[in-house]
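Residue-level structural notes
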Amino acid sequence: MLLGDREREIVKGKLVDLAGPVRLVMFTQEIECEYCRDTRDMVQQVADLADQVTAEIYNFVTDKEKAEELGVDKIPAIAVIGAQDYGVRFYGIPGGYEFAALLEAISDVAAGDSGLAPETRQFLADLPEDVHLQVFTTPT
Amino acid sequence: MRLAHKMAVESDRVRADCVEAMEFPHLVNRYGVRGVPRTVINDAAYADGALPEAALVEALQQALAPSSSEE
């Protein structure tokens, strides 16, 4: 999947002033499904457009240890990692609105600051247990 | 979607996945996803629609309350 000129300009504009470096750690496999290939292309193109963003491509089958380390259990997968691994993941190709979500995630992870309201921060600071959120979306 | 990821950035106890529904039909079946966005909380509770911040916090409070009160 190739980004058009307009998308490339949007990516450049959104990622030009990142607060810190971000790694896009992507998992695919040797015989790639259509979405795996497109997702890999997308990740590499985004990394090419932003100085602070790097792409790392792993093989879900042969790099099993890396997948387990990052909790990746399906592909295509993208882990968005900044100064630390905050647990931000994308499964499936982030197309359409989700492409904007990917850019936003990169920006938030780079900053390492959620920007959430004080009461939300307090609630999260007091969480009694680990929380796993899975948000199902569609690309349109 | 951004809200869930922001919560992950905020807290070491939160991880957040954006899952493209059409590519993972078995998960759509497992979690009964009929519309999007649907947020699945700890494999057990659900919140539907694009929720504002306070509403997602409320959904989390409700989802986590039973297990924490059992302890």
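See the structure printed just above.
Presented here is a report on the structure given in the accompanying data block. As the structure is a computational prediction, the values presented were derived from the model and not from experiment. (Residues numbered from 1 in each chain as written. Chains lettered and ligands numbered in written order. Predicted model: local features only at pLDDT ≥ 70, side-chain atom pairs only at ≥ 80, totals over all residues.)

Description of the overall build of chain A
For clarity, the cut-off: Numbering of helices and strands runs from the N terminus, with a helix taken as a DSSP run of H or I at least four residues long and a strand as a DSSP run of E at least two residues long. To get the radius of gyration, use the C-alpha atoms; to get the globule rule, take the number of residues to the power 0.38 and multiply by 2.2 Å. Think of it as a crowd count around each C-beta: if 20 or more other C-beta atoms lie within 10 Å the residue is buried, if 12 or fewer it is exposed, and in between it is partly exposed, with C-beta placed from the backbone throughout.
Assigned secondary structure in chain A consists of 5 helices and 5 strands. In chain A, the order of α-helices and β-strands from amino to carboxyl end is α-β-α-β-α-β-β-α-α-β. For 140 residues, the compact-globule formula gives about 14 Å, and the C-alpha radius of gyration of chain A, at 15 Å, lands near that figure. Projected onto the principal axes, the alpha-carbon positions of chain A cover approximately 45 × 35 × 30 Å. The buried share of chain A, reckoned over its 140 residues, is 41%.

Quick notes on the environment of Phe24 of chain B
Threshold: Placing a C-beta atom from the backbone of each residue, one calls two residues in contact when those atoms lie within 7 Å.
With respect to the element layout, Phe24 of chain B can be found in the loop between β1 (14-20) and α2 (25-30). Among the residues examined, Phe24 of chain B registers 18 C-beta atoms within 10 Å and is labelled partly exposed. Sequence-distant contacts of Phe24 of chain B, that is, excluding residues within four places in its chain, are made with Lys74, Tyr91 and Gly92 of chain A together with Val19 of chain B.

Remarks on the environment of Leu56 of chain B
With respect to the helices and strands, Leu56 of chain B occurs in helix α3 (residues 53-70). Residues within four places of Leu56 of chain B in sequence aside, it is in contact with Leu3, Ala47 and Leu51 of chain B.

Quick look at the packing of helix α1 (residues 5-15) of chain A against helix α4 (residues 97-111) of chain A
Residues and elements named next belong to chain A. The condition is simple: In this analysis an axis means a line fitted to C-alpha atoms, helices contributing only their contacting stretch, and an angle means the value between N-to-C directions, from 0 to 180 degrees. For this classification, under 35 degrees means roughly parallel, over 145 means roughly antiparallel, 65 to 115 means roughly perpendicular, and everything else is oblique. Note: crossing handedness is left-handed where the near helix turns anticlockwise from the far helix by less than a right angle, and right-handed where it turns clockwise.
Taken N-terminus to C-terminus, the directions of α1 and α4 make an angle of 20°; their axes are 10 Å apart at the nearest point. In terms of axis orientation, α1 runs roughly parallel to α4. Between α1 and α4 lies a crossing whose hand is right-handed. Two secondary-structure elements touch here, α1 through Val11, Lys14 and Leu15 and α4 through Leu103, Ile106 and Ser107.

Description of the nonpolar core
Residue and element names in this part refer to chain A. Stated formally: A set of buried residues drawn from Ala, Val, Leu, Ile, Met, Phe, Trp, Tyr and Cys, joined through C-beta atoms within 7 Å, is what defines a nonpolar core.
Counting residues in hydrophobic clusters, the biggest one holds 59 residues, and the most contacted among them are Leu24, Val80, Ile106 and Val109. When residues of this core are assigned to their parent elements, the largest contribution, 7 residues, is made by α4. Those residues in contact with Ile106 that lie beyond four places of it in its chain are Leu15, Val22, Val53 and Val80.

Some remarks on helix α1 (residues 2-10) of chain B
Extensive coverage of α1 of chain B is indicated by the burial of 8 of its 9 residues. Those residues of α1 of chain B that sit buried are Leu3, Ala4, His5, Lys6, Met7, Ala8, Val9 and Glu10 of chain B.

A short note on the interface of chain A and chain B
Heads up, the condition is: Ten residue types, Ala, Val, Leu, Ile, Met, Phe, Trp, Tyr, Cys and Pro, are classed as nonpolar, four, Asp, Glu, Lys and Arg, as charged, and the remainder, Gly among them, as polar. Think of it this way: DSSP has to see at least two bridges between two strands before they count as a pair.
Each side of the interface is counted separately: chain A has 39 residues, and chain B has 37 residues. Contributing elements (two or more residues each) for the side of chain A that touches chain B: β4 (88-91), α4, α5 (118-125) and β5 (131-137) of chain A. Here the side of chain A that touches chain B takes 7 residues from β5 of chain A, the largest share from any one element. Residue classes in the side of chain A that touches chain B are distributed as 21 nonpolar, 10 polar and 8 charged. Where β4 of chain A meets β1 of chain B, 4 bridges bridge the pair, whose relative direction is parallel. Counted as the bridge partner of Val88 of chain A is Ala16 of chain B from β1 of chain B.

Comments concerning the sheet that holds strand β1 (residues 22-28) of chain A
Read across the open sheet, the 8 strands follow the order β2(A)-β1(A)-β3(A)-β4(A)-β1(B)-β5(A)-β2(B)-β3(B); overall the sheet is mixed. Looking at strand neighbours, the two that pair on one side only are β2 (53-59) of chain A together with β3 (45-48) of chain B, the edges of this open sheet. Along the sheet, successive strands turn relative to each other by an average axial angle of 20°, direction set aside. Of the pairings in the sheet, the one linking β5 of chain A to β1 of chain B comprises 7 bridges and is parallel in character. Residue pairing for β1 of chain B: Leu133 of chain A is matched across the bridge by Ala16 of chain B. Strands β1, β2, β3 (77-81), β4 and β5 of chain A together with β1 of chain B of the sheet are contacted by α4 of chain A, whose axis makes an angle of about 30° with β3 of chain A.

No statement about biological role is implied by the geometric values presented.
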